[in-house]
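Overview (structure and organization)
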Amino acid sequence: MNNPTFEKELIELAGKDLSVREKLLEAGQLSGGYHPEMEEIHRANAKRLREIIAQIGYPTISKVGEKANDAVWLIIQHAIGEPEFMKTCYVMMEEHYNDINPIHTAYLYDRIQVFQSKPQKYGTQLTAEGTIYPVENKENLNAEREKVNLPVFSDAEIDKIPEPEDIPEIDSKDEEYTVWRKKTGWI
């Protein structure tokens with residue numbers, strides 16, 4: 001590891017994200033849309049991460065350590081108001097696949113897909129009702145999950161996953177979410 005300053009800063013950025021999230025959750029202010037304070041943290045963290053990437057490239061485990069690399073993933077995963085940033089980071093993660101936690105790539109891929117109303121590959125994202133969002137291929141789902149060290153689903157869990165053709169109905173249940181995704185550029 002050759003960037004201890006960035007390691008510490010990245011961990012602190014993710015910690016601030018989580019502490020603000022916890023505060024808002026405890027106050028009952030996280031439901032009902034994207035809270036402005038949370039959005040502000042996410043945008044500031046993404047801005048700083050872009051600056052770090054400009055200096056050292058993608059902050060891989062060998063560059064910043066495992067804990068800071070986990071923090072990088074959290075910052076990217078929460079930069080939901082910046083579709084192009086998330087997509088660019090996904091490409092960088094793919095390029096450095098052997099120097100990051102593969103679960104991070106799976107979660108980010110799925111999150112991007114779901115925000116775009118597309119089926120996910122790994123089954124990491126849930127609907128508003130708490131069921132697994134539709135997947136690209138139920139038959140290969142567990143094989144894909146095993147490739148990135150995610151636990152497999154039972155056949156019963158897989159059977160409960162809605163089909164990709166159900167996506168418009170699933171997404172239409174939350175008008176605010178759809179309006180936000182259009183405004184943000186996801187759809």
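Anything mentioned here points back to the structure above.
Analysis parameters
- Residues numbered from 1 in each chain as written.
- Predicted model: local features only at pLDDT ≥ 70, side-chain atom pairs only at ≥ 80, totals over all residues.
- Heavy atoms only, no water.
- Axes fitted to C-alpha atoms, helices over the stretch in contact; angles between N-to-C directions.
- Helix = DSSP H or I, 4+ residues; strand = E, 2+ residues; numbered from the N terminus.
- Parallel < 35°, antiparallel > 145°, perpendicular 65-115°, else oblique.
- Left-handed = near helix turned anticlockwise from the far one by under 90°.
- Contact = heavy atoms within 4.5 Å.
- Nonpolar A, V, L, I, M, F, W, Y, C, P; charged D, E, K, R; others polar.
- Buried < 20%, exposed > 50% of the residue type's maximum accessible area, 1.4 Å probe, protein only.
- Salt bridge = Lys/Arg side-chain N within 4 Å of Asp/Glu carboxyl O.
- Phe/Tyr/Trp six-rings, centres within 6.5 Å; stacked < 30°, edge-to-face > 60°.
- Lys NZ or Arg CZ within 6 Å of the ring centre and 35° of its normal.

1. What to know about the packing of helix H5 (residues 83-95) against helix H6 (residues 102-115)
In the contact formed by H5 and H6, the axes pass within 10 Å of each other and the chain directions differ by 150°. Relative to H6, H5 is oriented roughly antiparallel. H6 is crossed by H5, and the crossing has left-handed handedness. In this structure, H5 uses Met86, Lys87, Cys89, Tyr90, Met93 and Glu94 to contact H6, whose residues at the interface are His104, Thr105, Leu108, Tyr109, Arg111 and Ile112. Tallied by class, residues from the contact of H5 with H6 come to 7 nonpolar, 2 polar and 3 charged.

2. Some details on unusual backbone geometry
A positive phi angle is found at serine 117, which is not glycine, with a value near 60°. With a relative accessible area of 25%, serine 117 lands in the partly exposed category. At asparagine 149, a residue that is not glycine, the phi angle is positive and equals roughly 65°. With respect to the helices, strands and loops of the structure, asparagine 149 is situated in the loop between helix H7 (141-147) and helix H8 (155-159). Given the relative accessible area of 57%, asparagine 149 is considered exposed.

3. So, the pattern of salt bridges
Following the criterion strictly, the structure yields 12 salt bridges and no others. When salt bridges that share partners are traced, they join Glu9, Lys47, Arg48 and Glu51 into one network.

4. A closer look at the packing of aromatic side chains
For the structure on display, the rule yields 7 aromatic pairs. Through a chain of ring-to-ring contacts, three or more aromatic side chains come together here, namely Tyr34, Phe115, Tyr177, Trp180 and Trp186. Positioned above the aromatic ring of phenylalanine 85, the side-chain terminus of arginine 50 is 5.0 Å from the ring centre. Its guanidinium or amino end placed over the ring of phenylalanine 153, arginine 145 lies 3.9 Å from that ring's centre, counting from NZ or CZ.

The analysis is restricted to geometry; functional conclusions fall outside its scope.
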